[in-house]
Amino acid sequence: MAMLETKNLGISFGGLRAVDEFNLTVERGQLYGLIGPNGAGKTTVFNLLTGVYAPTTGGFFLEGKSLAGKTPLEINRCGIARTFQNIRLFKEMSVIDNVKVGLHNAANYSIFDGLFMLPRYAREEKELQTRARELLDVFGLDGERDYLASNLPYGKQRKLEIARALATSPKLLLLDEPAAGMNPQETAELMETICFVRDHFDMTILLIEHDMKLVSGICEQVTVLNFGTTLAQGQTAEVLADPRVVRAYLGE
Amino acid sequence: MQTFISTLIDGLSLGSLYALVALGYSMVYGIAKMLNFAHGDVIMVGIYVLFVALGAMGTSPLMLTIAALIMIVFCALLGFTIEKLAYKPLRAASPLSVLITAIGVSYLLQNLALLIFGSRQQKVPTYFHLGSIYIGGVQIELLSLLILAVTIVVMILLSIFINKTKLGSAMLAVSEDKGAAQLMGINVNATISLTFVIGSALAGVGALLYAAKMPWVGPYTGSVFGIKAFAAAVFGGIGSIPGAMIGGVLIGIIEAMMNVFLPDVLSNASDGFAYLVLIIMLVIKPTGLLGRKHVEKV
């Protein structure tokens, strides 16, 4: 069964069909790219897949389970986590606390355990601390765990966002322009990190990206969106060579 | 000097009361981004519950404990219900609609009290029979020390809760970015409800201590006190929890000092002077003592 399947997914805002008849199948363990010119509807697709918007037509399925119309919270708990195009970390919280917020669903103690520091609380929090540090370590952020998130350099904030999303133990990870604003060296590092995350966490990843080097470097398949409709779909190299795709990006 | 110290302690205990109530305003503002003007009236309801419960059961230590627990739970439930019925349906509405609703809830509670108990101030039976002690010639009311001690314990528990537990960090996350918090698996509605429950329970503790100090209750007792506590929250930097604590204590001390040290002609207007300090402070630092300014990068 496919990890993610969308069927004729669509949404209109007033008379504008922002996304129309969107069909996509992402297999388990795949690294899938979603590309297209600015305003094509890529982030809208992410917003549909995470419950920020409810689709007006069609639906989508995570491992066969229909998730259309569920709230962002429910969808996250079913196993979809994401990052944001404009970084949305909890800036006033420490780096490790950002990750812990994601981990907290796994913690199992009551208000009273926490308030009076009972053994169960200590045990669970210690466990969380260990897991959070392991995650930060993967992204080379363990040394900065007590910094405020807003004090991290840009590239590391992007990494922290991925770490925070992974902390919610998703099955499918959505990355919205992970390389935006990065220099070539940071992008190269990011590509390694993304591949590592896929292998290490056995993750399925769907990502939006404008950096074609990143897309052609790590994505096995891509879908191209243009004005809300699907322009092309398939193996990355073939799709990127498609004259229609080139035209959509560069014009006639 | 002796007057100064006893006034300081008086101010500290008054300020602790403000702080307990200011926390409710500040937490709700920080997390739900709204001013809950009905918060002061929760205290009034709390004192009435205490008044009725003590009247029915007497003021023996056991009965007092039971009455106090009933009252605090009642306040917490009241806060929960107000949020559920009045504010939650307006989650997507403009802040002004929510503000007006909050004022409406405030009037509703006051008028319910007016309907049930009449406009006359009622005397709450004395329940803390505490005298005073002398330390180095300074007379100190034990009640003031009790209020101070209870407040400090409550604040410590609250700080542990906010900074060290998962629900606390969920509250911090929601206060920063509801949308992102929700996508990270945080139940935003439950977190906001919890904030109201905690804030209202603190108001309940405030009511218990307030009525021990000033044992009269009328329909408007809460709103007058509440507005000052709100001012304290703004003074400390609304949205900031340590800010509410410090703001409350400072407003209390300023008010007590003004009462004692201003010349008689002016001391009647001590409230006005307390607000004057607030205004000057806000002119100098518009975000309040510990409030943070968010600079948007462009």
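Residues numbered from 1 in each chain as written. Chains lettered and ligands numbered in written order. Predicted model: local features only at pLDDT ≥ 70, side-chain atom pairs only at ≥ 80, totals over all residues. Heavy atoms only, no water.

Trainee: In this structure, what is going on with the overall build of chain B? I would like to understand it.
Mentor: Counting its regular elements, chain B contains 12 helices and four strands. What you see for chain B is a C-alpha radius of gyration of 19 Å, in line with the 19 Å of a compact globule of 298 residues. Summarising its shape, the C-alpha atoms of chain B cover approximately 60 × 45 × 35 Å along the three principal directions. A burial count over chain B gives 51% of its 298 residues as buried. A fraction of 76% describes how many contacts in chain B between residues 6 or more apart in sequence connect residues 24 or more apart. Total accessible area computed for chain B in this model is approximately 13,400 Å², and 71% of it derives from carbon and sulfur atoms. With 15 positive and 10 negative side-chain charges, chain B shows a separation of 10 Å between the mean positions of the two kinds. (Helix = DSSP H or I, 4+ residues; strand = E, 2+ residues; numbered from the N terminus. Rg over C-alpha atoms; globule rule 2.2 N^0.38 Å. Buried < 20%, exposed > 50% of the residue type's maximum accessible area, 1.4 Å probe, protein only. Contact = heavy atoms within 4.5 Å. Areas by Shrake-Rupley, 256 points an atom, 1.4 Å probe, with all protein chains shown as cover. Lys, Arg positive; Asp, Glu negative; His and termini not counted. Charge placed at Lys NZ, Arg CZ, Asp CG, Glu CD.)

Trainee: Please clarify how the nonpolar core should be interpreted in this entry.
Mentor: Soluble, globular proteins show a tendency: their nonpolar side chains are buried together. In this structure, Tyr87(B), Tyr127(B) and Leu158(B) are the most contacted members of the largest nonpolar core, which totals 92 residues. Among the elements that line this core, the one with the most residues is helix α8 (residues 188-213) of chain B, at 14 residues. Leu158(B) has contacts with Leu23(B), Met27(B), Ile198(B), Leu202(B), Ile241(B) and Met245(B), leaving out every residue within four places of it along the chain. Membership of the second largest hydrophobic core comes to 46 residues, among which are Tyr121(A), Leu160(A), Leu175(A) and Met191(A). (Core = buried A, V, L, I, M, F, W, Y, C linked by side-chain atoms within 4.5 Å.)

Trainee: Looking at this model, I keep getting lost on the sheet that holds strand β4 (residues 57-62) of chain A. Mind explaining?
Mentor: Adjacent strands of a sheet form backbone hydrogen bonds with each other and so pair up, either parallel or antiparallel. All names here are of chain A. The strand order β2-β1-β4-β5 describes an open sheet built from four strands, whose pairing is antiparallel. Edge strands, defined here as strands with exactly one partner in the open sheet, are β2 (16-26) and β5 (65-66). Two elements, β4 and β5, share two bridges in a ladder whose sense is antiparallel. Its bridge partner lying in β5, Leu62 is registered against Lys65. (Pairing = 2+ DSSP bridges.)

Trainee: Is there a simple way to think about a nonpolar patch on the surface in this case?
Mentor: There is a patch of nonpolar side chains on the surface, built from Ile111(A), Phe112(A), Phe116(A), Leu118(A) and Leu167(B) and spanning about 440 Å² of accessible area. Mapped onto the secondary structure, Leu118(A) falls in the loop between α4 (111-115) and α5 (119-138). A relative accessible area of 34% means that Leu118(A) is categorised as partly exposed. (Patch = residues over 30% accessible without salt bridge, like charges linked within 9 Å, V, L, I, M, F, W, Y side chains within 5 Å. Salt bridge = Lys/Arg side-chain N within 4 Å of Asp/Glu carboxyl O.)

Trainee: Looking at this model, I keep getting lost on the domain arrangement of chain A. Mind explaining?
Mentor: One frequently used descriptor of interface size is the decrease in accessible area upon assembly of the parts. Residues and elements named next belong to chain A. Per the domain assignment, the segments making up chain A are domain 1 (1-79 + 170-252) and domain 2 (88-165). Computed from C-alpha atoms alone, the centre-to-centre distance between domain 1 and domain 2 is 27 Å. With 19 residues of domain 1 at the interface, the matching set in domain 2 holds 10 residues. Both faces considered, domain 1 and domain 2 share a buried interface measuring about 1,100 Å² in area, 67% of it formed by carbon and sulfur atoms. Counting the contacts that link domain 1 with domain 2 gives one salt bridge. Here Lys159 ties to Glu189 by a salt bridge, and the two come within 3.0 Å at their closest N and O atoms. (Domains from an automatic or database assignment. Buried area = accessible area lost by both parts, 1.4 Å probe.)

Trainee: Got a minute to help me understand the side chain of Lys159(A) in this structure?
Mentor: Inspection of the secondary structure assignment puts Lys159(A) in helix α6 (residues 154-167). Sequence-distant contacts of Lys159(A), defined by excluding residues within four places in its chain, comprise Phe139(A), Leu141(A), Glu189(A) and Thr193(A).

Trainee: Sorry if this is basic, but what is going on with the packing of aromatic side chains here?
Mentor: Any two aromatic rings considered together are summarised by their centre-to-centre distance and by the angle between their planes. Counting across every chain of the model gives 10 aromatic pairs over all chains. Ring geometry for Phe37(B) and Phe230(B): centres 5.1 Å apart, planes at 70°, overall edge-to-face. Here Phe37(B) is found in the loop between α1 (2-32) and α2 (39-57), whereas its partner Phe230(B) is found in helix α9 (residues 221-236), with 193 residues between them in sequence. Assigned by exposure class, Phe37(B) and Phe230(B) land together as buried. For the ring pair Tyr127(B) and Phe128(B), a centre distance of 5.0 Å and an interplane angle of 70° mean the geometry is edge-to-face. Assessed through its relative accessible area of 23%, Phe128(B) is described here as partly exposed. Ring pairs connect the aromatic residues Tyr18(B), Tyr210(B) and Phe225(B), which therefore count as one cluster. The aromatic ring of Phe61(A) is capped on one face by Lys7(A), whose charged end is 5.0 Å from the ring centroid. The ring centre of Phe84(A) lies 4.6 Å from the NZ or CZ of Arg88(A), which sits over that ring. (Phe/Tyr/Trp six-rings, centres within 6.5 Å; stacked < 30°, edge-to-face > 60°. Lys NZ or Arg CZ within 6 Å of the ring centre and 35° of its normal.)

Trainee: Before we go on, may I ask you to explain the environment of Met44(B) in this structure?
Mentor: All names here are of chain B. In this structure, Met44 sits in helix α2. For Met44, a relative accessible area of 1% corresponds to the buried category. In the structure, Met44 is positioned 36 residues away from Phe80 in sequence and 16 Å away in space, judged by C-alpha atoms. The residues touching Met44, leaving out its near neighbours within four places in the chain, are Leu109, Gln110, Ala113, Val217, Gly218, Pro219 and Gly222.

Trainee: Sorry, what's going on with the environment of Trp216(B) here?
Mentor: Residue and element names in this part refer to chain B. You can see Trp216 is positioned in strand β4 (residues 216-217). For the pair Trp216 and Gln121, spaced 95 residues apart in the sequence, the C-alpha separation amounts to 6.1 Å. The contacts of Trp216, once residues within four sequence positions are left out, are Gln121, Gln122, Lys123 and Thr221.

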